[in-house]
Number of protein chains: 2
Amino acid sequence: MTEQPIRREAVSDQLFTLLRDRILTGTLAAGAPMTAERELAAEFGVNRHAVREAVKRLQQARLVEVSHGGRTRVLDWRRTAGLDLAVQLARATGSPTHDLRRDVLEMRASIGADAARLCAARCSRETASEIVGAAAGYVGCGPDLAELAAADVAWWRLVVEGSGNLAYLLAFNTLVDGSLTAGEVPTDLRAAELLDIEGHVRLAALIATHDEDGAEAAARALLARSVPTAPIAPEHEGGQA
Amino acid sequence: MTEQPIRREAVSDQLFTLLRDRILTGTLAAGAPMTAERELAAEFGVNRHAVREAVKRLQQARLVEVSHGGRTRVLDWRRTAGLDLAVQLARATGSPTHDLRRDVLEMRASIGADAARLCAARCSRETASEIVGAAAGYVGCGPDLAELAAADVAWWRLVVEGSGNLAYLLAFNTLVDGSLTAGEVPTDLRAAELLDIEGHVRLAALIATHDEDGAEAAARALLARSVPTAPIAPEHEGGQA
DNA sequence: CGCCCAATCTGGTCCAACCAGTTGACCAGA
DNA sequence: TCTGGTCAACTGGTTGGACCAGATTGGGCG
């Protein structure tokens, strides 16, 4: 029963999405034992291996804890899940919508500013000139926001790589692939930042001159243009409790 | 007798680790097609299902790209992998040597400072008092660094949660579970920070009084104590000044 | 030469069985 | 009564083989 419309998406992927959403929405409460693999297979009319592949992914995402012989338990994803889950949160069916978009942009601003500072401090001369060159090329990008967004991402990648910080680079991948290019953040909301060609060029110059403080400040100013300026509404009791 | 470590790691997990390391070390070059599932199964003398579970995890980690009918391709993890991979990088057999430890601490400092600022700006009165209380309890922690480290993590979790930024919270999980508590960063290297009880208390007070700038500065100062101050010279490629 | 199709690669799914830990009910003995 | 051990019934882990489905390739035919 409960035969859903079978899309052309892999069965195990559909299962993963379904189970993930059940966990994220609390349908499967944290700490509770998860439905047994055989039972899930029967419930959805699929093979147990498909279930296992889905569960394996849940395990890797640290949404569940599997133990041989014992039952698979649901974990508290807010305590265990990693940044990569943010992407999935954005795409989850019961879209949290919430401030995840703002959160991602805030994190991007924080990481980007520090990456710019580190890049100014540590990047090689070749990298610096490459960044300056890319910024110059950024000027030539058409008024198309999508095109600008792509160039912006490519340019920032150079900066983050130049920072020499691998953690920043990996986090950058997560944020970009997950929430920026994936259309989670509409480009028109970032128009102010993307159209600030001069800001890009100036930042590139500051990096090239190894002006750490200047680069950080410029990056922060540039990136802040896309961060929703919290139209107040400071949730007194709303947020977390 | 003396079969001390009854290491019974699942076959698929061993396979995942092995293939992951092959990719991270470049043995399996980016862009190259990966060995076929049937071939891998034969090579390691395991069932194909086990191979599939391992590949499924590689796919989720964005280390490979799987296409039905076509060959599974190895991706350039530096461009596609997410922050969660940082953990795995640290544990990877052929440890990339790279100062991943420094990178993680830098990122922690950046995220932590901004989280403190946001927490001061947005956290509820209840959360603020909870943070102050936890800081007061931090004072009572014994001189044991491990105990201090645990309390430190728990305290910072409150701050990050109070910031209301889900991306920060998830990144915090990744950094903590992956590189801090996992022993990747020896606690003695963080002694200066962990023993700065006063710094914790002061930061808590600043958050409670909604002093954004003060909280950010205090957090940055506190966290900076654990960041290696770049003993390595910036790798300039020589040449002109 | 260029198109089309079929053999044959690849991954995706299924069935059925068995291995290996965990749990808890149950019963014999101290 | 309490302790200890056995055993059945779960749970996840692994195996084998078969088949479905999409992609690739190369040869044959127009």
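Residues numbered from 1 in each chain as written. Chains lettered and ligands numbered in written order. Predicted model: local features only at pLDDT ≥ 70, side-chain atom pairs only at ≥ 80, totals over all residues. Heavy atoms only, no water.

1. Topic: the relation of the copies chain B and chain A
- Superposition of chain B onto chain A requires a rotation of 180° combined with a translation of 0.0 Å along the rotation axis, giving an RMSD of 0.1 Å. Read as a symmetry element, the transformation amounts to a two-fold axis.
- Taken together, the interface assignments show that 88% of the residues at the interface of chain B recur at the interface of chain A, consistent with an identical surface on both copies. (Least-squares fit on C-alpha atoms with pLDDT ≥ 70 in both. Contact = heavy atoms within 4.5 Å.)

2. Digging into the side chain of Ser-226 of chain B
All names here are of chain B.
- Relative to the helices and strands, Ser-226 resides in the segment after helix H12 (212-224).
- Residue classification places Ser-226 among the buried positions, given a relative accessible area of 5%.
- Of the polar contacts made by the side chain of Ser-226, one reaches the side chain of Glu-193; its length is 2.4 Å.
- Setting aside anything within four residues of it in sequence, one finds Ser-226 in contact with Leu-105, Arg-108, Arg-190 and Glu-193. (Helix = DSSP H or I, 4+ residues; strand = E, 2+ residues; numbered from the N terminus. Buried < 20%, exposed > 50% of the residue type's maximum accessible area, 1.4 Å probe, protein only. Polar contact = N/O pair within 3.5 Å; in protein donor to acceptor, adjacent residues only side chain to side chain.)

3. Quick look at the protein's contact with DNA strand C
- What surrounds DNA strand C is a group of 23 residues, the closest being Val-11 and Asn-47 of chain A together with Arg-8, Arg-48 and His-49 of chain B.
- Close to the protein, within 4 Å, the atoms of DNA strand C are drawn from sugar and phosphate at a rate of 56%.
- The contact in question runs from a phosphate oxygen of DNA strand C to an N or O atom on the backbone of Asn-47 of chain A, over 3.0 Å.
- Within the side chain of Arg-52 of chain B, one N or O atom sits 2.8 Å away from a phosphate oxygen of DNA strand C.
- Put simply, the parts of the chain that give the surface near DNA strand C at least two residues each are helix H1 (11-24) of chain A together with helix H2 (37-44) and helix H3 (48-60) of chain B. (Near = heavy atom within 4 Å.)

4. Focus: the interface of chain B and chain A
- Between chain B and chain A, the contact holds 60 residues from the first and 56 residues from the second.
- Across the chain B/chain A interface, buried area totals approximately 5,100 Å², and carbon plus sulfur atoms make up 46% of it.
- At the boundary of chain B with chain A, the tally comes to nine salt bridges.
- In this assembly, chain B and chain A are joined by 32 residue pairs in polar contact (both at pLDDT 80 or more).
- Looking at the side of chain B that touches chain A, the elements that each hand over two or more residues are helix H1 (11-24), H3, helix H4 (77-80), helix H5 (84-91), helix H6 (100-122), helix H7 (125-139), helix H8 (145-162) and helix H9 (166-180) of chain B.
- Ranked by the residues each element gives to the side of chain B that touches chain A, the list is headed by H6 of chain B, at 11 residues.
- When its residues are assigned to classes, the side of chain B that touches chain A shows 22 nonpolar, 17 polar and 21 charged. (Buried area = accessible area lost by both parts, 1.4 Å probe. Salt bridge = Lys/Arg side-chain N within 4 Å of Asp/Glu carboxyl O. Nonpolar A, V, L, I, M, F, W, Y, C, P; charged D, E, K, R; others polar.)

Just distances and angles here, no functional claims.
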